[in-house]
Amino acid sequence: MSIRVKSVSFEDYQNTQVTAKCANFLQSAEMSKLQEGQDNIEKVEALVFEREGLRVGQTIVVYKKSLRIFKKALLLHGPLLNYHSLDSLTELLEALILYLRKKNIATLSIHPYLTNLIRNEKLENIEVDKASDVLKVFETLGFEHSLDSEQSLVVNQMFVKPIENFASSDEILAAFSPSLKRDLKKFTALNVKIEELDEHQLDQFYDILSRTAERKGFSVHPLVYFQNLKKCFGKSAKFMLAYLDCPAYLVYLDENIQSFEAKIQALKEGPQKKRTKGQIADAEDQLRSYYKRLEQFKSYQIKTDKLPLSAYLFMNYGPEIVSFYGGNDEAYLNFGGAVLLHWEMIKYAKSKAKKRFNFYGTIETEAASSGKGNFNFKRQFGGQLETLVGSFDKSLNPFYDIFKKTLGKD
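Residues numbered from 1 in each chain as written. Predicted model: local features only at pLDDT ≥ 70, side-chain atom pairs only at ≥ 80, totals over all residues. Heavy atoms only, no water.

Participant: Could you give me a rundown of the pairing of strand β10 (residues 157-162), with the residues and numbers involved?
Facilitator: Counted residue by residue, β10 has 5 buried out of 6 residues, so it is predominantly covered. Sheet topology places β10 next to strand β16 (residues 384-388); 4 bridges connect them, and they run antiparallel. Within the sheet, the bridge partner assigned to Q157 lies in β16 and is T387. (Buried < 20%, exposed > 50% of the residue type's maximum accessible area, 1.4 Å probe, protein only. Helix = DSSP H or I, 4+ residues; strand = E, 2+ residues; numbered from the N terminus. Pairing = 2+ DSSP bridges.)

Participant: Would you mind going over the packing of aromatic side chains in detail, with residue names and values included?
Facilitator: Overall, the coordinates contain 28 aromatic pairs when judged by the stated rule. Geometrically, the ring pair formed by F226 and Y325 is edge-to-face, given 5.2 Å between the ring centres and 90° between the ring planes. In this pair, F226 sits in helix α8 (residues 223-233) while Y325 sits in strand β14 (residues 320-328), placing the two residues 99 residues apart along the sequence. Using a relative accessible area of 0% as the deciding quantity, one classes F226 as buried. Ring geometry for F314 versus F357: centroids 6.2 Å apart, planes at 45°, classification tilted. (Phe/Tyr/Trp six-rings, centres within 6.5 Å; stacked < 30°, edge-to-face > 60°.)

Participant: An account of unusual backbone geometry is needed here, citing residue identities and associated values.
Facilitator: Trans is the prevailing form of peptide bonds, just as negative phi is the prevailing case for residues other than glycine. Cis rather than trans, the peptide bond between G78 and P79 has omega equal to 0°. Looking at the secondary structure, you find P79 in the loop between β4 (70-76) and β5 (80-81). With phi around 55°, E52 is a residue other than glycine that occupies positive phi space. Structurally, E52 can be placed in the loop between β2 (43-51) and β3 (54-66). With phi around 55°, D129 is a residue other than glycine that occupies positive phi space. Examined against the element boundaries, D129 turns out to sit in the loop between β8 (125-127) and α4 (132-140). Assessed through its relative accessible area of 47%, D129 is described here as partly exposed.

Below, the structure is given as structure tokens:
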């Protein structure tokens, strides 16, 4: 019996949206409700694919205008199905194409949440062409394949840390590099704290995000988008803030200053051995360092007890925690807010029995050799760089191609 395509309510769709191996929050009923209110989207529809009354797949379809007079269907990180069953995939795609043609959709764009290439932290290949059979199915059906290196529409490369084989978060910590373990200990000692923001505090998240976007040259949604996202996803959307506990930090500095002053005094008054001079010099260097930090902190002229450092939105969905959006106050990078935030959420992911922690969209791999870029930041936690299979586009209306050529559009 052939596959049947059926439009269902978001509530019906939600009942089975996390059952597929490729489940992700972009293909969720919650995200659909959020997308419905966006200006550039005409409609969002939940579809299920059934054979003999059994659900064999499902997808969220976003409909937009294209070339002013045509309609385009987008499957962002969908559809949700078993990609290992190639016969079903062919049949499902054919049924989807027929369904969309009946709705007068001119062009279809599919972006599966399916990994094709896995590389390690050194960008060495681990697994290549994992989805080559799937790619052939799409090409046989007349889809054009591409991979957007700018990730302008949807993420197609992400850094992922598998955590299911670790017995505990302590075991994850033990496997970190010595330098990362030192940083985590240092930033914790500085009294950097983590808290979750509620729906009335999202302006704190947005302030850091928007300034980061301006600094790095990327665009972000308005604040209301994130407020609506929180309403749609509820507790699954975790807006997290890293901040410096200012009074505690000042106590930390004062204690260390007093400690090294006392140590220097004791060394000078004690027996003068061969190594005493070197010990005094080392202690004086440390003391100068703490005085310098104190002067630097005073120059910030902080008027509150909390100094915001970093803010990120993490999505708790299906088998993973995803670092979706976020940023840092550039002036306070030395406090390591982002490092502690991500470690806190890796521990949270483990406590919730997640299979992996997903750092999500990852670029700037070329900058990693010089110790810069978001890939360099992410790879310190260990994991793998996954490149998805890419985008598949197919024209469903011959007049669309003619019109596109007339306008000189690629």
